[in-house]
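Tertiary structure, described
These are the residues of each chain, in order.
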Amino acid sequence: MRISKTNLGRMFGAIALTGMISGVALAAVAPKDAVVQRQANFKKIGGTFKALNDQLRSPAPDKAQIMVLANQLKSLTPGIPTWFPVGSGVEAGVKTAAKAEIWQKPDVFKGHAKALQVETDKLAGIAGGGDIEAIKAQANVVKNKCSACHSDFRQKDS
Ligand code: HEC
């Protein structure tokens, strides 16, 4: 078979395109796995926030521990919008409390995530100051950001 320059060009074009497509497929997480991962991430967020509130309620709060937990919470929140790729709702075929509205109103959802990020950043800053009453007040603001998103975007009965 005679391979002309044009054919060669087409061949390399096709190879490059295949490479790109498989690259995209490799980079993307399967929707089912995205659900499992984000639930594990939220469990981490929940556990960290609970430990922080337990400290705040304790008669002798450990300020160093509070700082560690507040910074841990701060580092967990910025990723939230990326934990919800398209297709990772109920259609993924695994149990999820994520409502379809997440993908219907992505800006509202991202707004909730951003609000949480802003307030957990503040919490980490205030935690550094060591004023327990101020930390408690900010922890309450954070809690309201969790609830605001849950009431709009998370199924109640799950
Ligand atoms: C931007 C929206 C949003 C914010 C903000 C948010 N969550 Fe959630 N959270 C969700 C959604 C949606 C789910 C359901 C995920 C699923 O089931 O796939 C969830 C699930 C959870 C779960 C259950 C995880 C499991 O499956 O066991 C916990 C615990 C949790 N969130 C804690 C928190 C805490 C604590 C905060 C605040 C510090 C918070 N969330 C902030 C949207 C949010």
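I will try to describe carefully the structure that is included in this document. (Residues numbered from 1 in each chain as written. Predicted model: local features only at pLDDT ≥ 70, side-chain atom pairs only at ≥ 80, totals over all residues. Heavy atoms only, no water.)

A look at the coordination of the iron atom of the ligand
Ideal geometry at a metal centre: 109.5 degrees between donors when four sit tetrahedrally, and 90 or 180 degrees when six sit octahedrally. Basically, it comes down to this: Keep in mind that water is not among the atoms, so a site may look incomplete; donors are the N, O and S atoms within 2.8 Å of the metal, or 3.2 Å for Na, K and Ca. Helix and strand definitions here come from DSSP, where helices need a minimum of 4 consecutive H or I residues and strands a minimum of 2 consecutive E residues; each element is numbered from the N-terminal end.
Of all protein atoms, His150 (NE2) alone acts as a donor to the iron atom of the ligand, lying 2.1 Å away. With respect to the secondary-structure elements, His150 resides in helix H6 (residues 132–153).

With respect to the side chain of Ser88
Basically, it comes down to this: Partly exposed residues are those whose accessible area sits between 20% and 50% of the maximum for their type, while under 20% is buried and over 50% is exposed, using a 1.4 Å probe and protein chains only. Here, two residues are considered to be in contact whenever any of their heavy atoms come within 4.5 Å of each other.
Summarising the element assignment, Ser88 is placed in the loop between helix H3 (63–76) and helix H4 (101–104). Assessed through its relative accessible area of 0%, Ser88 is described here as buried. Discounting chain neighbours no more than four positions away, the residues touching Ser88 are Pro31, Ala34, Val35, Arg38, Trp83, Thr96 and Trp103.

A short note on the environment of Ala97
Position of Ala97 among the secondary structure elements: in the loop between H3 and H4. Residues Ala97 and Phe153, 56 residues apart in the sequence, show an inter-C-alpha distance of 8.3 Å.

Some details on the packing of aromatic side chains
The test is simple: We call Phe, Tyr and Trp rings a pair once their centres come within 6.5 Å, taking the six-membered ring for Trp, and we label the pair stacked below 30 degrees between planes, edge-to-face above 60, and tilted otherwise.
Tallying each qualifying case throughout the model produces 5 aromatic pairs. Ring plane angle 75° and centroid distance 4.8 Å describe the contact between Phe84 and Phe109, whose orientation is recorded as edge-to-face. Highlighted residues: Phe84 in the loop between H3 and H4 and Phe109 in helix H5 (residues 106–129), separated in sequence by 25 residues. Plain terms: the ring middles of Phe109 and Phe153 are 5.2 Å apart, the flat faces sit at 85° to each other, and that makes the pair edge-to-face. Residue Phe109 is found in helix H5, and its partner Phe153 is found in helix H6; the two are separated by 44 residues along the sequence. Take Phe109: its relative accessible area is 5%, and that puts it in the buried class. The class for Phe153 is buried, based on a relative accessible area of 4%. Ring pairing ties together the aromatic residues Phe42, Trp83, Phe84, Trp103, Phe109 and Phe153, which thus form one cluster.

With respect to the packing of H5 against H6
Here is the rule: For helices, the fitted axis covers only the stretch in contact; all axes are lines through C-alpha atoms, and the angles between them, taken along N-to-C directions, range from 0 to 180 degrees. To sort the angles, those under 35 degrees are grouped as roughly parallel, those over 145 as roughly antiparallel, those from 65 to 115 as roughly perpendicular, and the leftovers as oblique. Throughout, a crossing is termed right-handed when the near helix is turned clockwise from the far one, and left-handed when it is turned anticlockwise from it by less than a right angle.
Taken N-terminus to C-terminus, the directions of H5 and H6 make an angle of 165°; their axes are 9 Å apart at the nearest point. With respect to their mutual orientation, H5 and H6 come out roughly antiparallel. For the pair H5 and H6, the crossing hand works out as left-handed. For the pair H5 and H6, contact is made by Val108, Phe109, His112, Ala115, Leu116, Glu119, Thr120, Lys122, Leu123, Ile126 and Ala127 and by Ala134, Ile135, Gln138, Ala139, Val141, Val142, Lys145, Cys146, Ala148, Cys149, Asp152 and Phe153, respectively.

A closer look at the site of the ligand
Worth spelling out the cut-off: When we say a residue is near a molecule or strand, we mean one of its heavy atoms is within 4 Å of it. Polar contact criterion, stated in full: a pair of N or O atoms within 3.5 Å, where within protein one must be able to donate a hydrogen and the other to accept it, and residues adjacent in sequence count only if both atoms are side-chain atoms.
Taken together, 21 residues are adjacent to the ligand, and Arg38, Thr96, Cys146, Cys149 and His150 come closest. Between the ligand and Gln39 there is a distance of 2.9 Å, counted from an oxygen atom to a side-chain nitrogen or oxygen. With respect to the ligand, the side chain of Thr96 contributes an N or O atom lying 2.6 Å from an oxygen atom. Elements with a minimum of two residues in the shell around the ligand: helix H2 (31–57), H5 and H6.

What about the nonpolar core?
The nonpolar side chains of soluble globular proteins are, as a tendency, buried together. Where we set the bar: Within this scheme, the nonpolar core is defined by two criteria: the residues are buried Ala, Val, Leu, Ile, Met, Phe, Trp, Tyr or Cys, and they are joined through side-chain atoms within 4.5 Å.
Core analysis: the largest hydrophobic core is formed by 27 residues, its most contacted members being Leu52, Ile80 and Leu123. Of all the secondary-structure elements, those providing two or more residues to this core are H2, H3, H5 and H6. Top contributing element to this core by residue count: H6, with 7 residues. With near-sequence residues (within four places) excluded, Leu52 lies in contact with Ile66, Leu69, Ala70 and Leu123.

Overview of the side chain of Arg38
We count it as follows: For the purpose of counting charges, residues Lys and Arg are taken to be positive, whereas Asp and Glu are taken to be negative. His and the chain ends are not included. By definition here, a salt bridge exists when the distance from a side-chain nitrogen of Lys or Arg to a carboxyl oxygen of Asp or Glu is within 4 Å.
Secondary-structure assignment places Arg38 in helix H2. At 7.9 Å, Glu91 is the nearest oppositely charged side chain to Arg38, a buried residue that forms no salt bridge. With near-sequence residues (within four places) excluded, Arg38 lies in contact with Trp83, Phe84, Ser88, Thr96, Ala98 and Trp103.

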